[in-house]
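Coordinate inspection notes
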Protein chains: 2
Amino acid sequence: MESEEISIVRGFCRSFTRRVGVFTDKFLGRDRPLAEARLIFEIGGQGQEVRDLRSNLGVDSGYLSRLLRSLERQGLARVMPGQKDRRLRRAELTPAGLTELDELIRRGQDFAAALLEPLSPTQRQRFVSAMLEVERLWDLSATVIEAVDPASKDAKYCLDQYYAELDRSFDQGFDLAQSITADPSETTPPHGIFLLARLNGQPIGCGAIKRIEPEVGSVKRMWVDPSARGLGLGRRMLQSLESHALELGMRKLCLETNRNLEAAQSLYRRCGYREVSPFNNDPYADFWFEKDI
Amino acid sequence: MESEEISIVRGFCRSFTRRVGVFTDKFLGRDRPLAEARLIFEIGGQGQEVRDLRSNLGVDSGYLSRLLRSLERQGLARVMPGQKDRRLRRAELTPAGLTELDELIRRGQDFAAALLEPLSPTQRQRFVSAMLEVERLWDLSATVIEAVDPASKDAKYCLDQYYAELDRSFDQGFDLAQSITADPSETTPPHGIFLLARLNGQPIGCGAIKRIEPEVGSVKRMWVDPSARGLGLGRRMLQSLESHALELGMRKLCLETNRNLEAAQSLYRRCGYREVSPFNNDPYADFWFEKDI
DNA sequence: GCTTTTACCTGACTTGAGTCAGATAATTTT
DNA sequence: AAAATTATCTGACTCAAGTCAGGTAAAAGC
């Protein structure tokens with residue numbers, strides 16, 4: 001890695017921190033402690049469960065409780081017991097709180113507008129697209145891939161998204177029962193592995209390996225959230241699967257894919273997989289690939 | 001301005017604040033108050049006068065004094081009277097302080113490196129160039145143009161830079177005495193105007209108008225710092241000069257320029273100036289322009 | 001029905017960050 | 001030489017932010 005790149009990133013972060021810090025102090029925290037303003041933001045128009053507020057803001061339970069009491073005293077929020085479980089409590093903004101939220105949102109927008117205002121239309125466009133680029137790549141960098149239980153809640157979420165997408169993509173739709181299995185037991189060590197990609201804790205992609213012969217694995221359930229595509233996350237997932245396959249004692253990986261999943265095919269080719277003749281009778285497969293790892 | 005652009009800017013700032021905040025807390029402020037870490041940074045390897053520290057960090061004099069005492073107690077810095085003026089005090093890092101500074105720098109670099117590490121070389125390149133783009137355009141947006149006394153320190157700084165650059169650019173060099181005047185008295189209302197562009201308080205460009213006939217002004221001393229070129233700051237300066245000229249009762253602006261200043265010529269053409277026959281005998285001029293405003 | 005766990009609250013703290021009103025010494029102005 | 005100004009320091013504050021050790025009510029487990 002070049003030291004020039006590092007110093008650009010450092011310089012960027014520093015100047016940015018200083019600039020946004022000025023905004024935060026002057027605009028958001030004008031007449032109220034910052035933590036309260038952030039809390040109002042986080043509760044939002046819909047309300048939130050206290051437990052979620054705590055995890056999203058990353059604050060101590062006692063501290064949050066005190067902040068909520070303070071908002072209640074100011075008539076900006078109310079906290080009430082949950083419907084089903086009366087231990088779980090839900091915070092909502094009062095009408096006055098909603099007004100305050102609007103005001104906070106407005107201040108933020110004013111700040112952004114003031115930033116864009118001196119720029120020409122072309123410059124604005126370049127400005128926002130550069131911001132999107134930084135954000136996307138930062139997201140990519142912040143994404144972590146880890147092995148999880150394929151029966152866990154997050155894994156299920158990804159699989160459901162994946163199946164729904166297959167159903168939309170395949171000419172004949174997709175029925176899980178008709179397809180070749182990749183059950184939790186098959187994608188758990190020592191038989192296989194199930195990997196999950198997370199961004200800020202949220203699942204945004206998955207991939208699995210299932211053993212089909214003593215030294216041969218099959219790549220299954222490769223999925224990346226649409227919002228994270230085009231960043232090379234699929235490639236990272238595949239590379240990660242390959243190294244886990246090696247650890248599981250596999251020497252070859254194979255996979256099948258549908259003709260409508262063109263991005264997937266080109267990913268496999270780019271990653272060194274070569275097309276082979278059909279090695280199974282998956283009703284949804286049009287192409288079969290393999291790679292010695 | 002489009003509301004989509006505004007929301008992109010808002011979203012970017014928010015996600016960025018959160019991310020850099022995590023870094024600041026975990027890395028920089030690990031074993032020492034943030035304000036002290038920033039102060040060590042600001043004193044730097046060379047040392048700094050206390051007065052400069054105060055203005056750069058934007059803190060209260062009493063607060064800074066206490067921070068400095070704290071660093072002294074920890075053996076990281078020492079403060080001593082200035083050479084000429086013994087009221088002005090100068091802060092320097094001790095060897096232990098320098099070690100600490102290195103450590104802080106290293107942590108920052110580690111953070112940046114960790115951010116770049118998961119990206120491919122191509123992605124890294126896109127990442128840093130998008131950051132540079134955001135930073136440059138943010139700089140441009142944060143640049144303010146204001147009328148100042150042409151005899152002020154900042155104006156003199158810009159003029160010196162400008163003369164030095166002319167001397168390097170012109171085939172025959174540049175001698176102020178030979179050129180057409182634009183003295184402080186000529187570029188001050190009601191005779192003319194002197195504008196300064198500032199970024200974070202630092203002068204980065206200038207431009208002036210001098211009256212040569214009751215309703216005709218001459219554009220003089222147009223200069224933009226090399227680091228800020230290519231952003232359209234020259235154009236903004238020129239537009240600002242034009243509106244000030246109108247306020248001074250002028251109806252026409254004219255100017256002369258040298259053949260080696262190609263960027264300047266194209267700026268004038270783009271802004272609606274048309275070439276005319278020579279209207280003065282400036283020894284350094286090759287082209288003459290004018291515009292009805 | 002009893003114990004354990006969960007989700008939250010309360011009170012008592014610590015620490016960091018920052019403000020403000022003088023005090024003091026060196027320098028400049030008159 | 002006296003008065004004013006400048007640069008910094010000191011002490012006495014406030015206020016936000018956050019931690020920690022219990023405590024309580026509701027729900028879940030046995």
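Look a little higher up for the structure.
Here is a short report on the structure shown in this document. Quick caveat, the model's predicted, so the values are computed rather than measured.

Of regular secondary structure, chain A possesses nine helices and 10 strands. Taken against the 2.2 N^0.38 rule, which gives 19 Å for 293 residues, the C-alpha radius of gyration of chain A at 24 Å runs more than 25% over that of a compact globule. Projected onto its principal axes, the C-alpha positions of chain A cover 70 × 55 × 35 Å. Looking at the 293 residues of chain A, the share that counts as buried comes to 46%. Taking all contacts inside chain A whose residues are at least 6 apart in sequence as the whole, residues at least 24 apart take part in 61%. Entry remark: accessible area of chain A is about 14,900 Å², with carbon and sulfur atoms responsible for 49%.

This part is about helix 5 (residues 95-116) of chain B. Taking 1.5 Å per residue, 22 residues should reach 32 Å; helix 5 of chain B reaches 31 Å between its end C-alpha atoms and fits that length. Of all the residues in helix 5 of chain B, the buried ones are B:Gly97, B:Glu100, B:Leu101, B:Leu104, B:Arg107, B:Gly108, B:Phe111, B:Ala112, B:Leu115 and B:Leu116. Looking at the buried residues of helix 5 of chain B, the elements they touch are helix 1 (3-28) and helix 6 (121-142) of chain A together with helix 1 (3-28), helix 2 (34-43), strand 3 (89-93) and helix 6 (121-142) of chain B.

Before going further, it helps to spend a moment on the relation of the copies chain A and chain B. The transformation that overlays chain A on chain B combines an axial shift of 0.0 Å with a rotation of 180°, and the residual RMSD is 0.1 Å. A rotation of that kind, with that shift, is consistent with a two-fold axis. Considering only C-alpha atoms, the part of chain A nearest the rotation axis is A:Ala130, at 2.4 Å. Here 100% of the contact residues of chain A are again contact residues in chain B; the copies associate through an equivalent surface.

All right, on to the protein's contact with DNA strand D then. By nearness alone, 21 residues border DNA strand D, and A:Tyr63, A:Asp85, A:Arg86, B:Arg66 and B:Arg89 come closest of all. Here the atoms of DNA strand D within 4 Å of the protein split so that 64% fall in sugar or phosphate, with bases taking the remainder. Residue A:Lys84 places a main-chain N or O atom 3.5 Å away from a phosphate oxygen belonging to DNA strand D. Listing elements by their share of the surface near DNA strand D, those giving two or more residues are helix 2 (34-43) and helix 4 (61-73) of chain A together with helix 3 (50-57) and helix 4 (61-73) of chain B. Take the surface near DNA strand D: its biggest share by element is five residues, from helix 4 of chain B. Its residues placed into classes, the surface near DNA strand D shows six nonpolar, three polar and 12 charged.

Put simply, side chains in a regular strand alternate between the two faces of the sheet. Residues and elements named next belong to chain A. Among the six residues that make up strand 8 (residues 252-257), five are buried, leaving the element largely enclosed by the rest of the structure. In the sheet, strand 7 (residues 216-224) pairs with strand 8 via three bridges, with the strands oriented parallel. If you follow Ser218 over to strand 8, its bridge partner there is Cys254. Handedness of the strand 7-helix 8 (residues 233-247)-strand 8 crossover: right-handed.

Turning next to the sheet that holds strand 1 (residues 48-49) of chain B. Residues and elements named next belong to chain B. The sheet built from three strands is open, its strands ordered 1-3-2 with antiparallel pairing. For this open sheet the edge positions go to strand 1 and strand 2 (77-81), each flanked by a neighbour on one side alone. In this structure, strand 1 lies alongside strand 3, joined through two bridges in antiparallel fashion. Residue Glu49 lies in a different strand from strand 3, and its bridge partner there is Arg90.

What counts as what
Residues numbered from 1 in each chain as written. Chains lettered and ligands numbered in written order. Predicted model: local features only at pLDDT ≥ 70, side-chain atom pairs only at ≥ 80, totals over all residues. Heavy atoms only, no water. Helix = DSSP H or I, 4+ residues; strand = E, 2+ residues; numbered from the N terminus. Rg over C-alpha atoms; globule rule 2.2 N^0.38 Å. Buried < 20%, exposed > 50% of the residue type's maximum accessible area, 1.4 Å probe, protein only. Contact = heavy atoms within 4.5 Å. Areas by Shrake-Rupley, 256 points an atom, 1.4 Å probe, with all protein chains shown as cover. Expected span 1.5 Å × (residues − 1). Least-squares fit on C-alpha atoms with pLDDT ≥ 70 in both. Near = heavy atom within 4 Å. Polar contact = N/O pair within 3.5 Å; in protein donor to acceptor, adjacent residues only side chain to side chain. Nonpolar A, V, L, I, M, F, W, Y, C, P; charged D, E, K, R; others polar. Pairing = 2+ DSSP bridges. Right-handed = clockwise from strand over helix to strand, strands pointing away.

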